[in-house]
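Secondary and tertiary structure notes
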Amino acid sequence: MFLTAALLLLYRFGAYLAVPGIPFRDMLEAYKGIADSNGALAVLNLFSGGALSRLSVFSLGIMPYITAQIIIQMMQTVIPSLGELAKEGETGQRKVTQYTRYLTVVLALINAIGYLFLFLSYGISFTDSPVPTMLQYTIIVFTMLVGAIIIMWLGEIITQHGIGNGMSLIIFTNIMAGLPSALLSSLGTSKKSMILTILTLVVTLLIIPMIVYIERGQRRIPVQYAKRVVGRRIMGGQSTYLPIKVNTAGVVPIIFASAILYLPAQIAVFFPNVNWMQKVANALATGWLNWSLSVFLIVFFAYFYTSMVFNPEDTADQLRKAGGFIPGVRPGTATANYIKYVLDHITLPGALFMAALAVIPSIIFYFTNNPLIQSFGGTSILIMVGTAMDTISSLESQLKMHNYDGFFK
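The text that follows walks through the structure, step by step, so that each part is easy to find. (Residues numbered from 1 in each chain as written. Predicted model: local features only at pLDDT ≥ 70, side-chain atom pairs only at ≥ 80, totals over all residues. Heavy atoms only, no water.)

1. With respect to the environment of Gln398
Rules: Working definition: helices are DSSP H or I runs of at least four residues, strands are E runs of at least two. Numbering for both runs from the N terminus. Type-normalised accessible area, obtained with a 1.4 Å probe on protein chains alone, sets the label of each residue: buried when under 20%, exposed when over 50%, and partly exposed for intermediate values.
In this structure, Gln398 sits in helix α18 (residues 378-408). The class for Gln398 is partly exposed, based on a relative accessible area of 38%. Placed 235 residues apart in sequence, Gln398 and Ile163 show a C-alpha to C-alpha distance of 8.4 Å.

So this is what it looks like as structure tokens:
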């Protein structure tokens, strides 16, 4: 717990540490309101915890790492050798992780160069520095690249030695970091804004139990184990169940969908003066096109990620080897098809629920322009509640292990 808290504090410190060579006054004047004036950049700034608006060392945020994970996981279904490598246990997973890191560095370098062009397009000057201009540009790009590598390292260290998933916790921290300022901005001075803010908070409190209910919901497939004689003892014969979660993929579909939708915004920073690219990036960041693609991508990634983490064929084979069967279903292929049928039908309601929570607040923000809805909308709530539940589950497992160790000693 202390390690996780210390690494998250280190991450927040980096989010306030500006890249070298940027005049602080010029930075505030030139970059003030940039996130509010550009919908795509506003979301990128939200997922970076405000680091982008401060031109900090961690301006790139966690997005390069998430994008690399999406690409590698999708390549596993396209490239058979990579898919087989991922199934080779710890050694194969280590190789896949290594490829993900390499790809993260490449994507972070591209994003860092793009953000440099973005900074220059908004009038931030680096000519006051005593070092040559090109060297100054190289230092800035290298600093943001190293910042992205450090974020990747922090996420992996938290996942391996801390509590919970490092990537989700970093996004959770970024969202929570912008909540106080968004709440103050949302209150405003008018009575209408105060009523809307209070209503948003009340609806949020009502939605959280629904999210917990869906996250904990599961379909229990009954499983019967046949009796068999082992030596002089009769083994098996008990009844149990196979739990299948309504939302097996958790918050991963929303994170992946957000990364895909805001990838054009990251590309558009290379071309700040190309109007059609800026229009495409903004259209994908907000509006009806964003809402339609969000629903499609969330449902797609829900099925895609579920198929990655839950294999009906393997589950049916394990049941057959253990002497288990589903009543009324033949072992083997029929069992695999039945599990796949249940999995496909139960994944859709969970995916549509996540899509509705992600899209409806975006539609409300589009018409009300309330900053609290943008910072604390459905996507943010789902990520925060899902991350909190995963972290609590991880903490409970750690406590159980600690208590068992003490009992045996």
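2. Considering the nonpolar core
To keep things clear, this is the line we draw: What we call a nonpolar core is a set of buried Ala, Val, Leu, Ile, Met, Phe, Trp, Tyr and Cys residues that are connected through their side-chain atoms within 4.5 Å. We call two residues in contact when some of their heavy atoms are within 4.5 Å.
Counting 50 residues, the largest nonpolar core has Ile62, Ile66, Ile171 and Ile211 as its most contacted members. Here Ile62 is in contact with Ile151, Met167, Ile170 and Ile171, once residues within four sequence places are set aside. Counting residues in each nonpolar core, the second largest holds 16 residues, with Val19, Phe119, Ile140 and Met144 among its members.

3. Concerning a nonpolar patch on the surface
Formally: Each patch groups residues whose relative accessible area exceeds 30% and which form no salt bridge, using 9 Å between like charges and 5 Å between nonpolar side chains of Val, Leu, Ile, Met, Phe, Trp and Tyr. The accessible surface values rely on the Shrake-Rupley method and a 1.4 Å probe; as for residues, cover is taken only from the protein chains in view. Salt bridge, as used here, is a side-chain nitrogen of Lys or Arg placed within 4 Å of a carboxyl oxygen of Asp or Glu.
Together, Ile71, Met75, Val78 and Ile79 make up an exposed nonpolar region whose accessible area comes to about 310 Å². Relative to the helices and strands, Met75 is located in helix α5 (residues 63-78).

4. Focus on the sheet that holds strand β1 (residues 218-225)
Basically, it comes down to this: At least two DSSP bridges between two strands are needed for those strands to be called paired.
Ordered by their spatial adjacency, three strands build an open sheet running β4-β1-β5, and the pairing between neighbours is antiparallel. Edge positions in the sheet fall to β4 (239-245) and β5 (324-325), since each of these pairs with one other strand and no more.

5. Some remarks on helix α15 (residues 312-321)
The test is simple: Here, the arc refers to the directions that run from the helix axis to the C-beta atoms.
Among all positions in α15, only Pro312, Thr315, Ala316 and Leu319 are buried. The buried residues of α15 occupy one face: seen down the axis, they fall within an arc of 95°. In α15, the exposed positions angled more than 90 degrees off the buried face are occupied by Gln318 and Lys321. Looking at the buried positions of α15, the neighbouring elements they touch are β1, β4, β5 and α16 (333-368). Gly323 sits one or two residues past α15 and shows a positive phi near 80°.

6. A look at the packing of aromatic side chains
Heads up, the rule is: Aromatic rings from Phe, Tyr and Trp, taking only the six-membered ring of Trp, are treated as a pair when their centres fall within 6.5 Å; an angle between ring planes under 30 degrees marks them as stacked, one over 60 as edge-to-face, and anything in between as tilted.
Counted by the stated rule, this structure contains five aromatic pairs. Taking the centre distance of 5.2 Å and the plane angle of 70° together, the rings of Phe300 and Phe301 count as edge-to-face. On the basis of relative accessible area, Phe301 is assigned to the buried category, the value being 3%. Among the aromatic residues, ring-to-ring pairing joins Phe296, Phe300, Phe301 and Phe304 into one connected group.

7. Some remarks on the environment of Ile214
On the secondary structure map, Ile214 appears in helix α10 (residues 191-216). Sequence spacing of Ile214 and Val246 is 32 residues, and the spatial spacing of their C-alpha atoms is 6.6 Å. Those residues in contact with Ile214 that lie beyond four places of it in its chain are Val246, Asn247 and Phe353.

8. Description of the pattern of salt bridges
Under the defined criterion, the tally for this structure stands at three salt bridges. We note a salt bridge from Asp317 to Arg320, for which the minimum N-O separation is 2.6 Å. Of this pair, Asp317 and Arg320 both sit in helix α15, separated by three residues, roughly a single helical turn. Asp344 is the salt-bridge partner of Lys340, the closest N and O atoms lying 3.1 Å from each other. Of this pair, Lys340 and Asp344 both sit in helix α16, four residues apart, which is roughly one turn of that helix. On the basis of relative accessibility, which here comes to 41%, the residue Lys340 falls in the partly exposed class. On the basis of relative accessibility, which here comes to 28%, the residue Asp344 falls in the partly exposed class.

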